[in-house]
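What follows is the residue order along each chain.
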Amino acid sequence: MSPGGIPKEDPRSIVWFDIDNTLYSASTKISQAMGQRIHAYFVTLGLDEDEASELHHSYYTQYGLALRGLTRHHNIDPMDFDRKCDGTLPLDDLIKPDPGLRKLFQDLDRTKVRVWALTNAYKTHAQRVLKILDLEDQIEGLVYCDYQQIGFTCKPEPDYYHNAMKQANISDPSKCYFVDDNQLNVRSAKELGWGHCVHFCEVGLEIMDGGKTKKLVLDTDTNDPKSIRQISDLEELRNLWPEIFV
């Protein structure tokens, strides 16, 4: 503790890993299974199929998370949403531990970095995924969307990243390493000064984004010296961030 009872800041950098469609492949089609459940939830609001689809996509686009729109404009219980959407995903049937991924985490030099997860899911889903992937013991901290908090924040909102840094007790954004499959999330972090941002993109695969199916493609603006590095395999982080691996 430093004077005044404030925890002394750890001098190490932090590696922030997104969870969904980053720690497991989009080929699992978990995003499609989730999209179908969220769509069904919108229908329960009394919307027809087309209205539900359009509102789902509108809220996702505007707020970064469909649930953010639902809690702002509809009298719904976010925990009920979580139970019926994330909570019913058959994750044990869709994802399995990956020894190579675990080795990647084990090879991060913990004398130089701390390793945290950063997700737009609620903690229950995040913990389920990390447990199934056998990564629970490799993650030192978890920042998640607290659905029980009124006006909760999510990526790519700046407040979400500020709160993440506060929870991790790190003040220098340049010491943040970050990888996420959502380009907007990565760009937002970079704009806030996070020093080492990487976009994970499995080119050619399809995901469901805000209820709409889209094929993953690389950012074409790669000639921009300020462009964000893009990878299709997390193993590539060893070459991009050699200074933090043993």
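Anything mentioned here points back to the structure above.
Draft legend 1. Structural view of empty space enclosed by the protein. Overall, the coordinates contain one cavity of 30 Å³ or more when judged by the stated rule. Lining the largest cavity, in full, are Asn21, Ala26, Asp181, Phe200, Cys201, Glu202, Ile207 and Leu216.

Draft legend 2. Representation of the environment of Val113 within the structure. Here Val113 shows up in strand β2 (residues 113-118). Residues within four places of Val113 in sequence aside, it is in contact with Arg12, Ser13, Val15, Leu108, Glu140 and Ile244.

Draft legend 3. Local environment of the layout of surface pockets. If you add up the space inside the largest pocket, you get close to 1,100 Å³. Lining the largest pocket are 49 residues, with Tyr60, Asp181, Asn182, Met208 and Asp209 sitting closest to its centre. For the lining of the largest pocket, the secondary-structure elements that each account for two or more residues are α1 (30-43), α2 (49-63), α3 (66-73), α9 (183-191), β6 (206-209) and β7 (212-215). Along the lines of polarity and charge, the residues of the lining of the largest pocket split into 21 nonpolar, 17 polar and eleven charged. Its residues assigned to classes, the lining of the second largest pocket comprises six nonpolar, four polar and four charged.

Draft legend 4. View of unusual backbone geometry. Cis geometry is adopted by the peptide bond preceding Pro156, which originates at Lys155 and carries an omega value of 5 degrees. In this fold, Pro156 is placed in the loop between β3 (141-143) and α8 (158-168). For Asp134, which is not glycine, the phi dihedral falls at a positive 60 degrees. Residue Asp134 is classed as partly exposed on the basis of its relative accessible area of 39%.

Draft legend 5. Structural context of the nonpolar core. Core analysis: the biggest nonpolar cluster contains 73 residues, and Trp16, Leu23 and Trp194 have the highest contact counts within it. By residue number, the principal contributor to this core is α1, which donates six residues. Non-local contacts of Trp16, meaning those with residues more than four positions away in its chain, are made with Trp116, Ala117, Leu118, Val143, Ala164, Met165, Ala168, Cys176, Tyr177, Phe178, Val179 and Trp194.

Draft legend 6. Region of interest: the pattern of salt bridges. Counting across every chain of the model gives 15 salt bridges. The partner of Glu140 in a salt bridge is Arg110, with the nearest N and O atoms 3.0 Å apart. Of this pair, Glu140 sits in the loop between α7 (123-132) and β3 while Arg110 sits in the loop between α6 (99-106) and β2; the two residues are 30 residues apart in sequence, bridging distant segments of the chain. Judged by its relative accessible area of 25%, Arg110 is partly exposed. In the salt-bridge network here, residues are joined through shared partners; they are Lys103, Asp107, Glu235 and Arg238.

Draft legend 7. Seen up close, the sheet that holds strand β1 (residues 13-17). The sheet built from six strands is open, its strands ordered β3-β2-β1-β4-β5-β8 with parallel pairing. The two strands at the open ends of the sheet, each matched to only one other strand, are β3 and β8 (229-231). Averaged over all pairs of adjacent strands, the angle between strand axes in this sheet comes to 25 degrees, irrespective of strand direction. Where strand β5 (residues 196-200) meets β8, three bridges bridge the pair, whose relative direction is parallel. The partner of Val198 across the bridge, within β8, is Arg229.

Draft legend 8. Quick look at the packing of aromatic side chains. Scanning the entire structure with this criterion turns up 14 aromatic pairs. The interplanar angle of 25 degrees and the centroid separation of 5.5 Å between the aromatic rings of Trp16 and Trp194 together place this pair among those described as stacked. One end of the pair, Trp16, is in strand β1; the other, Trp194, is in the loop between α9 and β5, and 178 residues separate them in sequence. By the burial criterion, Trp16 is buried, and Trp194 matches it. Every member of this aromatic cluster is reached through a ring pair, and the members are Trp16, Trp116, Tyr160, Tyr161, Phe178 and Trp194. Sitting over the face of the ring of Phe152, Arg68 holds its NZ or CZ atom 5.7 Å from the ring centroid.

Definitions and limits used
Residues numbered from 1 in each chain as written. Predicted model: local features only at pLDDT ≥ 70, side-chain atom pairs only at ≥ 80, totals over all residues. Heavy atoms only, no water. 1 Å grid on protein atoms, 1.4 Å probe; cavity = no way out; pocket = protein on both sides within 12 Å on 5 of 7 lines; lining within 4 Å. Points joined across faces, edges and corners; volume = space filled by probe spheres on them. Helix = DSSP H or I, 4+ residues; strand = E, 2+ residues; numbered from the N terminus. Contact = heavy atoms within 4.5 Å. Nonpolar A, V, L, I, M, F, W, Y, C, P; charged D, E, K, R; others polar. Buried < 20%, exposed > 50% of the residue type's maximum accessible area, 1.4 Å probe, protein only. Core = buried A, V, L, I, M, F, W, Y, C linked by side-chain atoms within 4.5 Å. Salt bridge = Lys/Arg side-chain N within 4 Å of Asp/Glu carboxyl O. Pairing = 2+ DSSP bridges. Axes fitted to C-alpha atoms, helices over the stretch in contact; angles between N-to-C directions. Phe/Tyr/Trp six-rings, centres within 6.5 Å; stacked < 30°, edge-to-face > 60°. Lys NZ or Arg CZ within 6 Å of the ring centre and 35° of its normal.

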